[in-house]
Amino acid sequence: MTTENVSLVTALVAGVLNLPKGSVDASASMETVPGWDSIAQLNICLEFQERFGVVLDMEGIAGATSVSKLCALLRN
Amino acid sequence: MRTLLLSNINMQPLVAFLKPWETTCGEFNSILLDLSNPASPASSADYDCILCLNDSDSMMGGAFYGEGTPEQCELFLDVLNSFCSAHAEKLVIANTFCLSSGRWLSFADLLHPLSLRTAEVKLNEGLIAIARANPNLLLVNTELLFRRYGEDALLSESFWYLGRVRYTNRMFRSMAALIHQAVDAYANRSRKVLIVDLDNTLWGGIVGEAGPLGITLSEDGPGRCYRDFQRALKAVQRTGVLLAICSKNNAGDLEEVFDQNPMMVLGREDFACIRANWEPKPQNILNIADALNLGIESCLFIDDNPMERELVRTALPEVAVPEFPQRIENLTAWFLHEIVPASFGRYRLTAEDQDKTRQYKMNAERQRLSRSLYLDAFLDSLQIECIFHVDPKERIDRIAQMTQKTNQFNLTTRRYQIPDIQRFLDSCDHAIVSMEYEDRFGSEGMVGLAILNYAESRIDSFLMSCRVIGRNVENRILQRVCDLFRERNCRAITAEFIPTAKNQQVATFYDSHGFKVLSQEEDGRKIYEKIIE
């Protein structure tokens, strides 16, 4: 995963969760970030689709619950 | 605005886009229950706005697949109707029915009496009838978004089946913008004056070089871009927007275009004010606002020249100066999509709106006459007639509009929405007095308004449209107000002056009409009393 993608994704997650920029790092996931619940997961994926112009399938939305998994979706 | 968002699907992602509104989501899919149960949060005083955004496909239930009738939809209409009448104090916003394009009836959908298309048209007719009967219901035509961006961009099957989220963020973003614009239109927060440049804006080319017949303006070819733009300007003018020209040109060249070019859609009579000269544009825009007796924050300026735009933005930040489209073929679509809903939105049109330019023109005529006569003789020559109405229920739109838009001749500047006005009309402790104005030049419609609080013997609001300032008709409406208090056996009337940045001209209005100052606050607010015989 490129560093550019990581910083875009961490900024996106922080933005959707209303967290200060920089508080979400490359290792962040649903388990480690407060407020990243199932509703937030939908909001993150909605914004992810729009920002990166990709269409996520159900598996992608349900599974991409960390920064690294979101970045992996961009690579594919 | 404290807003409760009700829906039959998961609309939670919309909340972030509705900011700065404070929005709370109701329970999932409990919209019918929430609207019909008087103990539900929707009925409580916690919310002043109820947003009902339904997904039409889901609300159709089995009927979407040809099984049975759309009962849920009809039930929703009933419940919505009762809720709106029971809560006249709340603003209720609902979206129109809009079914997705996938239809099991395929091509038979058009002719079949029980098709989805037929059902959709009927349901929307029902919704419109409710909105006509309930001034506190604001309908938002979300179908416009599907027409503009298409289902593929707005609907999401994966989010739908995974989390009952029907839309993409493109839709949530656009829907929130549409709702904000519709509420601005509903509350009459639109701009009032559209000022346009001439060369390469109203027509192609430079008239000073090409001559009145050499400019690009035609029914066919690229000149049609400008002709259609003029048509759109004229259409918007008929909704109450005043058009004005601010251009660096010789006034004579413009006159020649008006006189000679048959492709001009707009004539000089369509413009409330024309400034074609070589003065700096910010100066001309100030002049235009001054001539129309409106503030510059009411103005929007369209000019193809980026230097001029920047100059106006810097000198007059209150004037809206949008970017101009890069390609001239997009001019009309840009104007209709971007400019009109955002800055000149209208929800309910009043008779006064549709006649506005003529009223401002009549004013110019009156001004010309007033210069040639002494004031009294001038006023006599106008043959002014004022017609008063008490609680004119059928003019509720105009009454609310006047409280929202009147700045200068407004003693208390209390802004009221339609539900507030409805409350005054329904209460026997209040009376609303309207004044219509007519003279030998024509009618100005409703131009004066007073809201009386009988319970407190108090004049709550007293205002007059700036169009009739200087014709002494304020005395007549004040007289009518005093008469009404007298009929209710009120002996001492109180009144207030609350200063704003705009209403200095009425700071001593009550003083000069026999009212005595009871108290004066530090912020300049004054309380008056008048004893009536």
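Now for a quick tour of the structure. (Residues numbered from 1 in each chain as written. Chains lettered and ligands numbered in written order. Predicted model: local features only at pLDDT ≥ 70, side-chain atom pairs only at ≥ 80, totals over all residues.)

Structural notes on the packing of helix 13 (residues 281-291) of chain B against helix 14 (residues 306-315) of chain B
Residues and elements named next belong to chain B. Between helix 13 and helix 14, the least distance of the axes is 9 Å, while the angle of their chain directions is 60°. Comparing their axes, helix 14 and helix 13 come out oblique. The element helix 13 and its partner helix 14 pack so that their crossing is right-handed. Within the contact between the two elements, helix 13 uses Lys-281, Pro-282 and Ile-285 and helix 14 uses Glu-308, Leu-311, Val-312 and Ala-315. (Axes fitted to C-alpha atoms, helices over the stretch in contact; angles between N-to-C directions. Helix = DSSP H or I, 4+ residues; strand = E, 2+ residues; numbered from the N terminus. Parallel < 35°, antiparallel > 145°, perpendicular 65-115°, else oblique. Left-handed = near helix turned anticlockwise from the far one by under 90°. Contact = placed C-beta atoms within 7 Å.)

Points about the sheet that holds strand 7 (residues 242-248) of chain B
In any sheet, the strands associate via hydrogen bonds between backbone groups, in a parallel or an antiparallel arrangement. All names here are of chain B. Overall, parallel pairing links the 4 strands, which are arranged 8-7-6-9 in an open sheet. The sheet is open, and its two edges are formed by strand 8 (271-277) and strand 9 (299-302), each paired on a single side. Between one strand axis and the next, the sheet turns by 15° as a mean value, whatever way the strands run. In this sheet, strand 9 lies alongside strand 6 (residues 193-196) in parallel orientation, the contact comprising 4 bridges. By the bridge assignment for strand 9, Val-193 is matched with Cys-299. (Pairing = 2+ DSSP bridges.)

Considerations on the nonpolar core
All names here are of chain B. Ranked by internal contacts, the top residues of the largest apolar core, which has 69 residues, are Ile-50, Cys-52, Val-92 and Ile-93. A per-element tally of this core places helix 9 (residues 169-186) first, with 7 residues. The contacts of Ile-50, once residues within four sequence positions are left out, are Leu-4, Leu-6, Ala-42, Lys-90 and Val-92. (Core = buried A, V, L, I, M, F, W, Y, C linked by C-beta atoms within 7 Å. Buried ≥ 20, exposed ≤ 12 C-beta atoms within 10 Å, placed from the backbone.)

Regarding the environment of Ile-498 of chain B
All names here are of chain B. In this structure, Ile-498 sits in the loop between strand 15 (492-497) and strand 16 (516-520). Owing to 16 C-beta atoms within 10 Å, Ile-498 belongs among the partly exposed residues under this scheme. Not counting the four nearest positions on each side in its chain, Ile-498 is found in contact with Thr-412, Thr-413 and Arg-525.

A word on the interface of chain B and chain A
Taken together, the 11 residues of chain B in the interface contact 12 residues of chain A. Where the side of chain B that touches chain A is concerned, the elements lending two or more residues are helix 8 (157-163) and helix 9 of chain B. With 5 residues, helix 8 of chain B is the single largest residue contributor to the side of chain B that touches chain A. Broken down by class, the residue content of the side of chain B that touches chain A amounts to 5 nonpolar, 5 polar and 1 charged. (Nonpolar A, V, L, I, M, F, W, Y, C, P; charged D, E, K, R; others polar.)

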